[in-house]
Each structure stands twice: as structure tokens, then as C-alpha cells.
Amino acid sequence: MNTWLKIAVAILVTAMVCVPVTATAIGNNAQTLNVAGSTTVQPLMLELQKEFEKFANVDMNVTGGGSGVGISSTLNGVADIGMLSRDMKYDEGQGRLVPHVIAMDAVVVIVNKDAGLGDDPDLTMKQLADIYSGKINDWGEVGGKSGQSIAVVAREEGSGTRDCFEGALKKYAYSNFEMKDRVNSVNSTGAILAAVNNTPGAIGYINFNVSGGIQGNTSTVSVDGISATKESILKDPNDPDRYEISRDLILVTDGTETGMVKFFLNWIMTGDGQEIVEKAGFIRIDGL
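All values reported here derive from a predicted model rather than from experimental measurement.

(A) Just the packing of helix H2 (residues 42–55) against helix H10 (residues 271–279), in detail. In contact at an axis separation of 10 Å, H2 and H10 are set at 140° when each is read in the N-to-C sense. On the basis of the axis angle, H2 is oblique to H10. Of the two possible hands of crossing, H2 and H10 adopt the one that is right-handed. Residue-level inspection shows Leu44, Glu47, Leu48 and Glu51 of H2 in contact with H10, the latter providing Gly273, Ile276 and Val277. Among the residues making up the contact of H2 with H10, the classes are represented as four nonpolar, one polar and two charged.

So, in C-alpha cells, the structure goes:
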């Protein structure tokens, strides 16, 4: 092979290697990605889906069901990607599931204004643990309206939001914390908002991405004097000014991701993907 031919071949190979990763580069036949799990992550995933399908040759099916469903669906092959709004529990992924953190979130406590906690309500982690375990049943015991009973609202068992909230109480208040039996459990953030807004003396908790739009007879609550903000959530875990009831939003795959799944996960972490995370009200992590 003469020198000029060698140069031409080298240029051609270099050009092929440097082609940007596009839908064409990963195949012309449309692929299907099934995604299932956390109802917290689901609205964000639907926004990501809209943008990703514009340039990738893929059809995405996104369904909820909760973080537990995200794990089981991925393990049994029903889903290519599972959505989690909590960390996996010990050995829950059977040593097969690989977690991919795509954003941060927090769980924000809310109260009905009839609790009498004032314009800027604040509770300690210990007080929250006592309320949710049934040790405190009257708002007068924590500086609120005396004689106003506390109506406790929580997410359903299996919810990642509930696991995050309970996990924080166990870690920072009581290791043996158990939620009392008479808690009113509901299956969505919207249901919690409605229950707290319409029930005098009610307390509940919601996702950070909807906490900025609180209206009506409901107030957000700071915890140990710290409000849930992007800045307080992103602080180092050892920083005393960190908002403690925070969590990662996670996608899991069965083993190391490949093909379209890998392309999608990589795209989420680009500026375009993280901008969608931010617009959805969650906290982008590409700058960490």
C-alpha cells in the first residue's frame, strides 16, 4: 500500500471513529425500551421520553407502580430500566441490579394551617418521629394549637417516598422507629396534598418538586430549622446545615447497561438531559 493510500485509509478510519453517537450510529431499526417503577420518577421520565424519542430511533413505554415494582420488573425482564426513589435495600437486587443516580430529590413535610404552628412552621426530627409513631397526638405538645388533634397522613407501604421519610426518622431519631397503625395511608403525592389541605390539624409529606407550589390551607415545614432548598439538599452529608430528608433518584439495570439503554442513560447525564431534570423540579447533579 503506497503512502498516499495509507493516509487516505487513516483519515477514513478516524472519521468513522469520531462520528457523534446518534440514533443512526446505534441502529436504524426502532427499538423499544420498557421503563417501570417509582411514581416520583415517572413524571420526570415522561419528560425525558418526549425529548429522547425526538432524535433516537426508540419507542419508550413508561409505567409506575412504585420503587418495588421497578426492582421486580427489571429482575424478571419485564422492564429494561427500573425507576427508584430510594436506595436499594440490602441484597434487594439479588446482586444483579446496577444503580444509576440521575438526580436528587427531598421529602418535604407539610401541615394544615389549623395546626397552629405559625407562618414559618418548624419541627425537629424527634418531634416528627414522636408524631408518626403515635407518641404525640396533640399539636399543643409541639408548640401548636392546644386541643387540636394531629391527623397523620403517609404514603402507602412500598412507596419510595415513604421509605425515604421513615429511613430518615430511623437514622436521625430512633433506630427502632415504627409508624403507628392509625396513620392514613394514600397512594400519591396529590392525595397527600388533598388530605392535608382539607383535614384540620393534618400532617403529611410530599416530593420536593411540588413543594414550591403549595397553596390553600397548607404550609411547608422546616426540619430542625432547615428548609428544603436546592442548596441545603446538595450540602455534604456531614454539614450541619444539610436538609436531612433527601434522596437520590435512581434508575437500575439488570447488569451492565449496553446498546440503547446505555445511550439513554448517558444522554440523561448530558446538559440537555439534566436541564429536563431541573425543569421538572428536581435537582440536577451534572455539576457535582
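(B) Structural view of the pattern of salt bridges. Evaluation of the coordinates by the stated rule reveals 15 salt bridges. Among the salt bridges present, the one from Arg242 reaches Glu244, with a minimum N-O distance of 3.6 Å. On the accessibility criterion, Arg242 (12% relative accessible area) is buried. Judged by its relative accessible area of 22%, Glu244 is partly exposed.

(C) Geometry of the nonpolar core. Counting 47 residues, the largest nonpolar core has Tyr132, Trp139, Ile203 and Ile245 as its most contacted members. When contributions to this core are tallied by element, the ones reaching two or more residues are strand S4 (97–112), helix H4 (125–133), strand S6 (151–155), helix H5 (160–172), helix H6 (189–198), strand S8 (202–207) and strand S9 (218–223). Among the elements that make up this core, the one with the highest residue count is S4 (seven residues). Within the second largest apolar cluster, 27 residues are counted, among which are Leu48, Ile81, Phe264 and Ile268.

(D) Here's a closer look at the pairing of strand S1 (residues 31–37). Of the strand pairs in this sheet, S1 and strand S2 (residues 58–65) are connected by seven bridges, and their pairing is parallel. Residue Val35 lies in a different strand from S2, and its bridge partner there is Val62. In terms of handedness, the path from S1 via H2 over to S2 forms a crossover that is right-handed. Pairing between S1 and strand S3 (residues 81–84): three bridges, direction parallel. Bridged to Ala36 within S3 is Gly82.

(E) Looking closely at helix H3 (residues 67–75). Among the residues of H3, Ser67, Gly70, Ile71, Ser73, Thr74 and Leu75 are the ones counted as buried. Backbone geometry just after H3 places Gly77 at a positive phi near 85°.

Procedures and definitions
- By convention here, each chain's residues receive numbers from 1 onward along its written sequence.
- Confidence filtering applies because this is a predicted model: local features only for residues at pLDDT of at least 70, side-chain atom pairs given and counted only at 80 or more, and all residues used for totals across whole chains, interfaces and linings.
- Side-chain numbers come from the whole structure's heavy atoms, not from hydrogens or water.
- The convention used is that axes are lines fitted to C-alpha atoms, helices contributing only their stretch in contact, and that angles between N-to-C directions extend from 0 to 180 degrees.
- Put simply, DSSP marks the helices as runs of H or I at least four residues long and the strands as runs of E at least two long, and each gets a number from the N terminus on.
- In what follows, roughly perpendicular refers to angles from 65 to 115 degrees, roughly parallel to angles under 35, roughly antiparallel to angles over 145, and oblique to any angle outside these ranges.
- Handedness of a crossing follows from how the near helix is turned relative to the far one, being left-handed for an anticlockwise turn of less than a right angle and right-handed for a clockwise one.
- Any two residues whose heavy atoms approach within 4.5 Å at even a single point are treated as in contact.
- Classes in brief: Ala, Val, Leu, Ile, Met, Phe, Trp, Tyr, Cys and Pro nonpolar; Asp, Glu, Lys and Arg charged; the others, Gly included, polar.
- In the sections that follow, a salt bridge refers to a side-chain nitrogen of Lys or Arg positioned within 4 Å of a carboxyl oxygen of Asp or Glu.
- Burial classification: accessible surface area is computed with a 1.4 Å probe over protein chains only, and a residue below 20% of its type maximum counts as buried, one above 50% as exposed, and the rest as partly exposed.
- Definition used in this section: a nonpolar core is a set of buried Ala, Val, Leu, Ile, Met, Phe, Trp, Tyr and Cys residues joined via side-chain atoms within 4.5 Å.
- Here, a strand pair is defined by DSSP locating no fewer than two bridges between the strands.
- Handedness of a crossover is defined as follows: orient the strands so they point away from the viewer, and if the path from the first strand over the helix to the second runs clockwise, the crossover is right-handed.

Just distances and angles here, no functional claims.
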